[in-house]
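These are the residues of each chain, in order.
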Amino acid sequence: MKESNVLKRIPWWGWLLGAGLFAFQFALYRAAYSLTEMLGTIDHAWCPKIPAIDDKIPVIPVFIIIYIFSYLYWICAPAVVTLTKRSNLINFVIGMIVSFLIGFIIFSLFPSYMDRAAEGIMDFSSEDGIMYGLMAWIYSMDGSTIALNLCPSFHCMITTYCYLGVRRQEEIHTGYKAFALAMAILVCLSTQFVKQHYIIDMIAGVGLAVICYLIIEKINPGKS
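All residue numbers here refer to positions counted from 1 along the written sequence of the relevant chain. The model is predicted, so local features are restricted to residues of pLDDT at least 70 and side-chain atom pairs to those at 80 or more, both for listing and for counting; the totals for chains, interfaces and linings are taken over all residues. For side-chain calculations, the full set of non-hydrogen atoms in the structure is used, while hydrogens and water are omitted.

Colleague: Requested: an account of the overall build of the chain, with residues and values cited.
Modeller: Helix and strand counts for the chain stand at 10 helices and 2 strands. Order of helices (α) and strands (β) in the chain, N terminus to C terminus: α-α-α-α-β-α-α-α-β-α-α-α. Here the C-alpha radius of gyration of the chain, 18 Å, is about what a compact globule of 224 residues would show, namely 17 Å. Across its three principal directions, the C-alpha atoms of the chain cover 55 × 40 × 30 Å. Only protein chains enter the accessibility calculation, which uses a 1.4 Å probe; a residue is then buried when its area is under 20% of its type maximum, exposed when over 50%, and partly exposed in between. With 224 residues in all, the chain has 47% of them scored as buried. Whether two residues are in contact is decided by their heavy atoms: any pair within 4.5 Å suffices. In the chain, the proportion of contacts linking residues at least 24 apart, taken out of those at least 6 apart, comes to 88%. Only the protein chains shown count as cover for residues, and all accessible areas are computed by the Shrake-Rupley method using a 1.4 Å probe. Carbon together with sulfur atoms contributes 70% to the accessible area of the chain, which is approximately 10700 Å² in total. Asp and Glu count as negative and Lys and Arg as positive, but His and the ends of the chain are not part of the count. A charged residue contributes its charge at one atom only: NZ of Lys, CZ of Arg, CG of Asp or CD of Glu. Each charge sign in the chain was given a centre, from 15 positive and 15 negative side chains, and these centres are 17 Å apart. Secondary structure elements follow DSSP: runs of H or I no shorter than four residues count as helices, runs of E no shorter than two count as strands, and numbering proceeds from the N terminus. The reference for a compact globule is 2.2 Å times residues^0.38; the radius of gyration itself is calculated from the C-alpha atoms.

And the structure:
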């Protein structure tokens, strides 16, 4: 019978893998900022907003907790995949890296942006309350009034891929699979309700994760 507390079963190198993947994607995400300036593509950044949809999505400050928690989850979730069979782990790591690199290329060549000042989002972050304070902190760490590298959403892409990496694996307890699915859904919602992304960013992030997963599963490099 599979043990429900998966964290106790993770090997020490699994945590290193999780931390390494986190550091790699973070480095690529930040490097894209510099590269857009070097290439001059930042001068042609586009706004992926769909007013008919995005303007109707409300701000729900409590979702900032999910948004921030996802950073810790991105270290833990890949570590959990180390409990699956070797072929799945190899495919997972390769697929994640491929999705990071594709995202990096898109950010560098076709940067997208959100003008938080024009959207009135900065007004929310100046209100009283812990949740609003956390929102203001996240905004300050991510470009302040102007946010770059929105589409595809790395939050949605990574969290979706972390679920795909365990969803069909017999070694992983059903309870954790349900948790991973819930996290994928909640994180995607958090990107909308704290106004860190537009709806098209979320769709692109989930879509990129699914496409990379299916392609890598088809090629199946872990089989060899």
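Let's pick the thread back up.
Colleague: Residues and numbers for the environment of D115, please.
Modeller: Checked against the element boundaries, D115 lands in strand β1 (residues 113–115). Note on D115: relative accessible area 27%, which makes it partly exposed. Sequence spacing of D115 and W46 is 69 residues, and the spatial spacing of their C-alpha atoms is 11 Å. Identification of polar contacts relies on pairs of N or O atoms within 3.5 Å, with a donor-acceptor requirement for protein atoms, meaning one able to donate a hydrogen and the other able to accept it, and with residues adjacent in sequence counted only if both atoms are side-chain atoms. Engagement of the side chain of D115 in a polar contact is seen with the backbone nitrogen of A117, the distance being 3.1 Å. Within the structure, D115 has its side chain in polar contact with the backbone nitrogen of A118 (distance 3.0 Å).

Colleague: Tell me about unusual backbone geometry, and please be specific about residues and values.
Modeller: With an omega dihedral of 5°, the bond running from C151 to P152 counts as a cis peptide bond. Tracing the backbone through its elements, the reader meets P152 in the loop between β2 (146–148) and α8 (154–164). The backbone of N149 shows a phi angle near 60°, a positive value even though the residue is not glycine. Assignment of secondary structure puts N149 in the loop between β2 and α8.

Colleague: For the packing of helix α3 (residues 64–81) against α8, give the residues involved together with the corresponding values.
Modeller: The angle between two axes is taken between their N-to-C directions and runs from 0 to 180 degrees, where each axis is a line fitted to C-alpha atoms and a helix contributes only its stretch in contact. Where α3 meets α8, the closest approach of the two axes is 10 Å, and the angle between their N-to-C directions is 35°. Crossing angle aside, the handedness with which α3 passes α8 is left-handed. Together, Y67, S70, Y71, Y73, W74, A77 and P78 of α3 and F154, H155, I158, T159 and C162 of α8 make up the contact between the two elements. In this count, Pro and Cys sit with the nonpolar residues alongside Ala, Val, Leu, Ile, Met, Phe, Trp and Tyr, while Asp, Glu, Lys and Arg are called charged and the others, Gly among them, polar. Residue classes in the contact of α3 with α8 are distributed as 9 nonpolar, 3 polar and no charged. Helix crossings are classified by the rotation of the near helix relative to the far one: an anticlockwise turn of less than a right angle makes the crossing left-handed, while a clockwise turn makes it right-handed.

Colleague: If you had to explain the layout of surface pockets to someone new, which residues and values would you point to?
Modeller: Empty space within the largest pocket amounts to approximately 390 Å³. Along the walls of the largest pocket sit 20 residues, with F26, Y29, R30, Y71 and H155 positioned nearest its centre. Only α1 (12–39), α3, α7 (130–141) and α8 provide two or more residues apiece to the lining of the largest pocket. Two kinds of site are reported from a 1 Å grid over the protein atoms alone, namely cavities, where a 1.4 Å probe fits but cannot get out, and pockets, open sets with protein on both sides within 12 Å along at least five of seven lines, and residues are called lining when an atom falls within 4 Å of a point. Grid points are joined across faces, edges and corners, and a volume is the space filled by probe spheres set on the points. Space inside the second largest pocket adds up to approximately 160 Å³. Along the walls of the second largest pocket sit D54, D55, I57, V59, M114, E119, I121, F124, Q192, K195, H197 and Y198, which together make up its complete lining. Across the lining of the second largest pocket, the residue classes break down as 6 nonpolar, 2 polar and 4 charged.

Colleague: A description of the pattern of salt bridges should follow, citing residues and the corresponding values.
Modeller: For side chains of opposite charge, pairing can occur when their charged atoms come near one another. We define a salt bridge as a side-chain nitrogen of Lys or Arg found within 4 Å of a carboxyl oxygen belonging to Asp or Glu. Considering all chains together, one arrives at 4 salt bridges under this definition. Where K49 meets D55, a salt bridge forms, and the shortest distance between an N and an O atom there is 2.8 Å. Given the relative accessible area of 24%, K49 is considered partly exposed. The network of salt bridges with shared partners includes K49, D55 and E119.

Colleague: Account for α7, naming residues and giving values.
Modeller: Here the expected length of a helix is defined as 1.5 Å per residue gap, with one fewer gap than residues. Given a rise of 1.5 Å per residue, 12 residues ought to cover 16 Å, and the 17 Å separating the end C-alpha atoms of α7 matches this to within 8%. Turning to α7, its buried residues number three or more, namely Y132, M135, I138 and Y139. For α7, the buried positions fall inside an angular range of 120° around the axis, keeping them on one side. In the segment just after α7, G143 is the residue with positive phi, at about 90°. What the arc measures is the spread of directions leading from the helix axis to the C-beta atoms.

Colleague: So what's going on with the packing of α3 against helix α9 (residues 174–193)? Residues and values would help.
Modeller: At a closest axis distance of 10 Å, the pairing of α3 and α9 adopts a crossing angle of 145°. As α3 packs across α9, the resulting crossing turns out to be left-handed. Contacts between α3 and α9 involve I66, Y67, F69, S70, Y73, A77 and V80 from the former and Y176, F179, A180, M183, L186, V187, S190 and T191 from the latter. Tallied by class, residues from the contact of α3 with α9 come to 12 nonpolar, 3 polar and no charged.

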